[in-house]
Amino acid sequence: MAAIKGHCACGKVSYESSAEPAFTGVCHCKDCQRHSGSAFNVVIGVPTATLTVSGELKSYVSTADSGKQSVRKFCPNCGSTILSEPEAFAGVSIVRVGTLDDTSWIKPGMQIYCEAAQPWVSLGGDMQSFPKMPG
Ligand SMILES: [Zn+2]
């Protein structure tokens, strides 16, 4: 597996981890659509303790529909979202796959918040699908 290594659009923020991702998934929720400006987010779960970030990240705190808080961290210069730290996943950073240098090994195992998916989105591959959060 390739190392987890990536950076924002302008390069002021970079990160790496040698951990195995806890999961790889697609999220169709409305917050992910709004943050990304696109139809869905593709993310990996990386143990926060293994993640080294260089450069300054700005934080934005929001409340998920579960009532729990999530901190989204992005480059203050170019605005690229690098990761989020949801209260619901203590100790796990949800890293945005689009910021990775090498995405060739990425294979989402699940898609969540399918009930909010754009009606024309139909993703290929062998994925578990959940209407909201799994479990
Ligand atoms: Zn940047």
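Residues numbered from 1 in each chain as written. Predicted model: local features only at pLDDT ≥ 70, side-chain atom pairs only at ≥ 80, totals over all residues. Heavy atoms only, no water.

**Q** Honestly, the overall build of the chain in this entry has me stumped. Any pointers?
**A** Summing up its helical and strand segments, the chain has one helix and 11 strands in all. When the helices and strands of the chain are read in sequence order from the N terminus, they spell out β-β-β-α-β-β-β-β-β-β-β-β. Its C-alpha radius of gyration of 14 Å places the chain within 12% of the 14 Å reference for a compact globule of 135 residues. Its C-alpha atoms give the chain principal-axis dimensions of about 35 × 35 × 25 Å. Looking at the chain residue by residue over its 135 residues, the buried ones come to 38%. Taking the intrachain contacts of the chain between residues at least 6 apart in sequence as the baseline, contacts between residues at least 24 apart amount to 51%. Total accessible area on the chain stands at roughly 7500 Å², and carbon and sulfur atoms take up 50% of it. Across the chain, the mean location of the 11 positive side-chain charges is 7 Å away from that of the 11 negative side-chain charges. (Helix = DSSP H or I, 4+ residues; strand = E, 2+ residues; numbered from the N terminus. Rg over C-alpha atoms; globule rule 2.2 N^0.38 Å. Buried < 20%, exposed > 50% of the residue type's maximum accessible area, 1.4 Å probe, protein only. Contact = heavy atoms within 4.5 Å. Areas by Shrake-Rupley, 256 points an atom, 1.4 Å probe, with all protein chains shown as cover. Lys, Arg positive; Asp, Glu negative; His and termini not counted. Charge placed at Lys NZ, Arg CZ, Asp CG, Glu CD.)

**Q** Looking at this structure, how should I read the coordination of the zinc ion?
**A** Reference values for angles at a metal are 109.5 degrees in the four-donor tetrahedral case and 90 or 180 degrees in the six-donor octahedral case. Bound to the zinc ion on the protein side are C8 (SG), C10 (SG), C75 (SG) and C78 (SG), at distances that span 2.3 to 2.4 Å. The site at the zinc ion holds four donor atoms, and with the angles between them running 105 to 115°, its shape is tetrahedral. Sequence spacing of the donor residues for the zinc ion, all on one chain, is C-x1-C-x64-C-x2-C. (Donors = N, O, S within 2.8 Å, 3.2 Å for Na, K, Ca; no water. Tetrahedral: all angles 85-135°; square planar, octahedral: opposite > 155°, others 65-115°.)

**Q** Looking at this structure, how should I read the environment of I4?
**A** Locating I4 in the fold gives a position in strand β1 (residues 4-7). Classification of I4 as buried rests on a relative accessible area of 0%. Residues I4 and S14, 10 residues apart in the sequence, show an inter-C-alpha distance of 11 Å. Discounting chain neighbours no more than four positions away, the residues touching I4 are Y15, E16, S17, A19, P21, I44, V46, L100 and W105.

**Q** Can you walk me through the side chain of T24 in this structure?
**A** With respect to the secondary-structure elements, T24 resides in strand β3 (residues 23-27). Setting aside residues no more than four positions away along its own chain, T24 makes contact with V43, I44, I106, K107, P108, G109 and M110.

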